[in-house]
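An overview of the molecular structure
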Amino acid sequence: MHHQQPIISNPPPIISKMISSLSSLFLLTTTALLLTTAPAPTSAGWIDPDTPACARTVVPLPVVPNRPPPKDDSRKKNNSTDSSSSKKRRRNRPPTDTPTFYPTIEPSALPSLAPSTATASPTAPQRVYDLVFSDEFNVPHRTFHDGHDPRWTALEKNDYTNDAQHYYSGDNAYTDTEGNLVIKSEASDTTIVGFNDVQYKKERVTKHFKSAMLQSWNKFCFTGGVMEAEMALPGKHDVGGLWPAFWLLGNLARHTYVGSSEHVWPWSSSVCTEKSKTAQLISACDRVEHFGLHKGVGRGAPEIDIFEVQAGSIKANTGNFLKMPVGQPFMSSSYQVAPGRLPRPGEGWWPAPGQWYNNLTGGMNTSVNIVFYGTYNHFRDDTNPAEQDYWSDAISYNRQLNSSHFGNFHKYRMEWEVPDEVGTKENNFTKTYGYIRWFLDDEFVLEVKGEGLNSSGTGAEISSEPMYMLLNTAISSQWGFPSKCPDMCPCKTYNCRGGFQETCGFSEGFCNMLQTPVEYKVNWVRVYQDKNDPKQKVGCSTPERPTRKFIEAHEKKYMQAGDEHPLKKIQNGGGPCTMSPSANNNTNNTNSTLPKFCGGPTRGVCQPKSPSTCKCLDGWTGPHCTNPMGYDDILWDPPETLADLGFRGPSLKLVSGGVVFLGLLVVGLFVAPMVFRQRRRATVGYVPVRGAVAPEYERKVGI
């Protein structure tokens, strides 16, 4: 015979909710404790999974300055158009800042393959740089509109800077089916009604060219390290007018957003002077901390141009390059910095002694860029131009290119060593000034040493700012167009589809070249850092050089009319897709620039609903799941908390202990009495089983 045991009913709903809430609280506390004890990640979360293993580390390249070639008697005999004695006299001259037969102002005294003083000692341990960022661009149909990609933002914006003739369109940046990023430039009209940042007025304007610019602004930035990219330049080597570039800019300025650059670009100085006090927006003279910036630390947005390429048919020692041994086509590698120095050379003239920087070393086929030494910066709203205007310098060398660099892939590289005020044990804690080095196909192009900036007396220095990457092709009447307008040509409007007055100002062959779009292609971009160097960091707002609070406080300077914020949140899936297998899984689908698939079977799936949309798998994002995820492993400057406002709460261990105590108190005071009362109600009328008499109905049915 089975005896019925007392039945305990379920607790009331209020008790269930209380128990559930306590469980969640305990779970959150445990998770927080685990996070505080977890080891910090060792590699940045910006690495593209498609990056090959052989590209995960690099080492510094040697600095091999330009050297006079060995004497060649046969060349003398066979060259009847040049005076051998004249050439001999030039070779025997002592080093001088005036132009020499060889494209460098600092030739070594003797031909030698020995490393220069800028190269590490052969006995020093080999320095190794580890990959911290990569983008292989292997997934086709990837788009870069604002909110599509964690790494890059393709501008959708008119460009008012540098006499730009183009409109930047997000549709002109995408990945092709061959694993390349494509920046397409074309003759196509765009009419814009907007605010002219340069003229300070609202206007309606039609731009007759479209191109694209990608920025990693406020997404991926780095301070110090090595950056490499493999690229094929657009257009033709002998037709001027395109301005392809690959460069870095300090995160405090967002290019084409002119208001963010005023008195910020390209400052890199932490010395308080009369000029910096009035001309530098954030100067070392500031003694009050605002927006998380450190007092006494000058800030700005210096510029490092890995290259700006100018095509054309003007050869060395002719035309604009009459006094230069490098002509078109060339790549200009430069460090643009403020404050600039005075006195300074006149454009087109070689520097006189003391007019330009020391510690510059050029490689083979290079020359000091005497055509452009920098910019005079004046802004309309300034009330005291004499004190607020300033010069900025372009410390620049041109490197000769040829037809093979256009349409074919070559590797471009920049090495950036950050200054160190205190030094390291290895150098007996001696202050170092840093350097920037440029290479083309692993051949040395230029070195700018911080010692040269320091000795200039301006206070300028090698950048310590977190800097972001830019890739673009501009079309500007300042770059590669005829320097003088042809006769009867107004050179006011440039339109390949217009009449004579709108086409006469172009370089010969430019409009014919753009009868079909031209493409600037990027195979990959990679950034490396020395994990043993604490100065080298990934992040757009670092402890030494924070930017987040300043940008948030001046948000309007970094966005255009109609924007809610400077950057949109990254869209994760949701793009329209087609349910057919050929569309969903075929990564070579070229039916449309907007993919009908969801990145392929390993990246996303097309959800069977109406309308069908993409759902991204782990590691992928963007509307069509074509964009690899990216993030900073270490968030140096997280979003604002109560602590940022001055509130200092108890420690996490104290909080967790308090949560446990509070939980036990709640159980003791409320939950236990309720359960006890419920148990009493459930057992009313029952007696112990032993000796109990079964109820009448149980005896009748024989239970």
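This text follows the structure it describes.
First, a word on what this report is: a plain description of the structure on this page. (Residues numbered from 1 in each chain as written. Predicted model: local features only at pLDDT ≥ 70, side-chain atom pairs only at ≥ 80, totals over all residues. Heavy atoms only, no water.)

Moving on: the overall build of the protein chain. Within the protein chain, the secondary structure is distributed over 13 helices and 30 strands. In the protein chain, which comprises 703 residues, the share counted as buried stands at 48%. For the protein chain, restricting intrachain contacts to residue pairs at least 6 apart in sequence, the fraction spanning at least 24 positions comes to 74%. Roughly 35100 Å² of accessible area belongs to the protein chain as shown, and the carbon and sulfur atoms make up 56% of that amount. (Helix = DSSP H or I, 4+ residues; strand = E, 2+ residues; numbered from the N terminus. Buried < 20%, exposed > 50% of the residue type's maximum accessible area, 1.4 Å probe, protein only. Contact = heavy atoms within 4.5 Å. Areas by Shrake-Rupley, 256 points an atom, 1.4 Å probe, with all protein chains shown as cover.)

Another point: the environment of Gln355. In this fold, Gln355 is placed in the loop between strand S16 (330-337) and strand S17 (360-362). Through-space distance from the C-alpha of Gln355 to that of Ser456 is 9.2 Å; in sequence the pair is 101 residues apart. If we skip the residues at most four places from it in the chain, Gln355 touches Arg341, Pro343, Arg344, Pro345 and Trp350. Polar side-chain contacts of Gln355 include one of 2.8 Å to the backbone nitrogen of Ala352. (Polar contact = N/O pair within 3.5 Å; in protein donor to acceptor, adjacent residues only side chain to side chain.)

Strand order in this open sheet of 3 strands is S4-S5-S10, and the pairing throughout is mixed. The open sheet has two edge strands with one neighbour each: strand S4 (157-158) and strand S10 (209-211). Relative to S10, strand S5 (residues 166-168) runs parallel, the two being bridged by 3 bridges. Note that in S10 the partner of His166 across the bridge is Phe209. (Pairing = 2+ DSSP bridges.)

A separate point is the side chain of Asn369. Its place among the elements puts Asn369 in the loop between strand S18 (366-368) and strand S19 (374-377). When its relative accessible area of 7% is taken as the criterion, Asn369 is described as buried. Leave out the neighbours within four places in its chain, and Asn369 touches Met324, Ser332, Ser396, Tyr397 and Asn398.

The next thing to look at is the state of the cysteines. In protein structure, a disulfide is the covalent linkage between the sulfur atoms of two cysteines. What the rule picks out here adds up to 8 disulfides. Across a sulfur-sulfur distance of 2.0 Å, Cys272 and Cys285 are joined as a disulfide pair. The sign of the S-S torsion, about 105 degrees, decides the handedness of the disulfide formed by Cys272 and Cys285: right-handed. Remark: Cys285 occurs in the loop between helix H5 (274-279) and strand S15 (303-310) and Cys272 occurs in the loop between helix H4 (258-261) and H5; sequence separation between them is 13 residues. (Disulfide = S-S within 2.5 Å.)

To continue, consider unusual backbone geometry. With an omega of -20 degrees, the peptide bond between Trp265 and Pro266 qualifies as cis. Within the secondary structure layout, Pro266 lies in the loop between H4 and H5. With an omega dihedral of -10 degrees, the bond running from Gln328 to Pro329 counts as a cis peptide bond. Within the secondary structure, Pro329 sits in the loop between S15 and S16. Phi at Asp442 is positive, roughly 70 degrees, even though this residue is not glycine.

What follows is about the side chain of Gln310. The residue Gln310 is located in strand S15 in this model. Classification of Gln310 as buried rests on a relative accessible area of 10%. A polar atom in the side chain of Gln310 sits 2.7 Å from the side chain of Gln328. The contacts of Gln310, once residues within four sequence positions are left out, are Phe321, Gln328, Pro329, Phe330, Trp479 and Gly480.

The values are spatial; any link to function lies outside them.
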